[in-house]
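The residues making up each chain are set out below.
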Amino acid sequence: SLALASREVKLLLAAGESAKQWVGVLNEARPGDAVALATLRMLASLVTDDPELQNAAGSAPGLFEALEHRLSSGDQTGATGLETDTAEAAEIFGLLCRLTARHAENKRRCLRPGILQRTVERCRLG
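Basis of the calculations
- Here the residue numbers are simple positions, counted from 1 along each chain's written sequence.
- Per-residue local features are limited, in this predicted model, to residues with pLDDT of at least 70; the limit for side-chain atom pairs, both in listing and counting, is 80 or more; totals at the level of whole chains, interfaces and linings are taken over all residues.
- Heavy atoms from the whole structure form the basis of all side-chain values; hydrogens and water molecules are not counted.
- Segments assigned H or I by DSSP are reported as helices when at least four residues long, segments assigned E as strands when at least two residues long, and all are numbered from the N terminus.
- By definition, residues are in contact when any of their heavy atoms lie within 4.5 Å.
- For salt bridges, the criterion is a side-chain nitrogen of Lys or Arg within 4 Å of an Asp or Glu carboxyl oxygen.
- Categorising residues by exposure relies on relative accessible area from a 1.4 Å probe, with only protein chains included: less than 20% of the type maximum marks a residue as buried, more than 50% marks it as exposed, and the intermediate range marks it as partly exposed.

Caption draft 1: Up close: the environment of Glu-91. Mapped onto the fold, Glu-91 is located in helix H6 (residues 82-100). If we ignore the near neighbours within four places in the chain, the residues touching Glu-91 are Leu-37, Leu-40 and Arg-41.

Caption draft 2: Spatial organisation of the pattern of salt bridges. One pass over the full model with this rule turns up 10 salt bridges. Its salt-bridge partner being Asp-50, residue Arg-7 comes within 2.7 Å of it at the nearest N-O pair. A residue pair is termed long-range when its members are at least 10 positions apart, and Arg-7 in helix H1 (residues 7-14) and Asp-50 in the loop between helix H3 (34-47) and helix H4 (51-58) qualify at 43 residues. The class of Asp-50 is buried, set by a relative accessible area of 11%. Between Arg-102 and Asp-49 there is a salt bridge, with its nearest N and O atoms 3.2 Å apart. Taken together, the positions of Arg-102 in the loop between H6 and helix H7 (104-111) and Asp-49 in the loop between H3 and H4 put the pair 53 residues apart, joining distant regions of the chain. Each member of the pair, Arg-102 together with Asp-49, is exposed.

Caption draft 3: Here's a closer look at the side chain of Thr-100. Residue position: Thr-100 is located in helix H6. Under the relative-accessibility criterion, Thr-100 is labelled buried at 12%. Sequence-distant contacts of Thr-100, that is, excluding residues within four places in its chain, are made with Gln-54, Asn-106, Lys-107 and Cys-110.

Caption draft 4: Molecular detail of unusual backbone geometry. One non-glycine residue, Asp-49, lies in the positive phi region at around 60°. Overall, the relative accessible area of 61% leaves Asp-49 in the exposed class.

What follows is the structure, given as structure tokens:
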């Protein structure tokens, strides 16, 4: 469980080369893939209630763009089914909530691409 991991381990998982790997997974996985859902849950778990981890994950190059891409891919394909698309949108919403809780810079990062609005729209479809 990540709850028992030290902050140092969590920072290693949320920043640098690890962050590039998570962004790569989100960019490459098909909509609704289990690996994407697990990655979203893991990232959300890492950043909960820790401003330093929120900053590390939020500043990962391409993270918000990858999330936007996942939301757009689900809109276009619909191949995974409404339930799976909604579940992934809900995981993205959960991650965004945790990334932006009491973190002004991540809030600004979210507003630029309009991710929050698209996420809420996708969640409402279900």
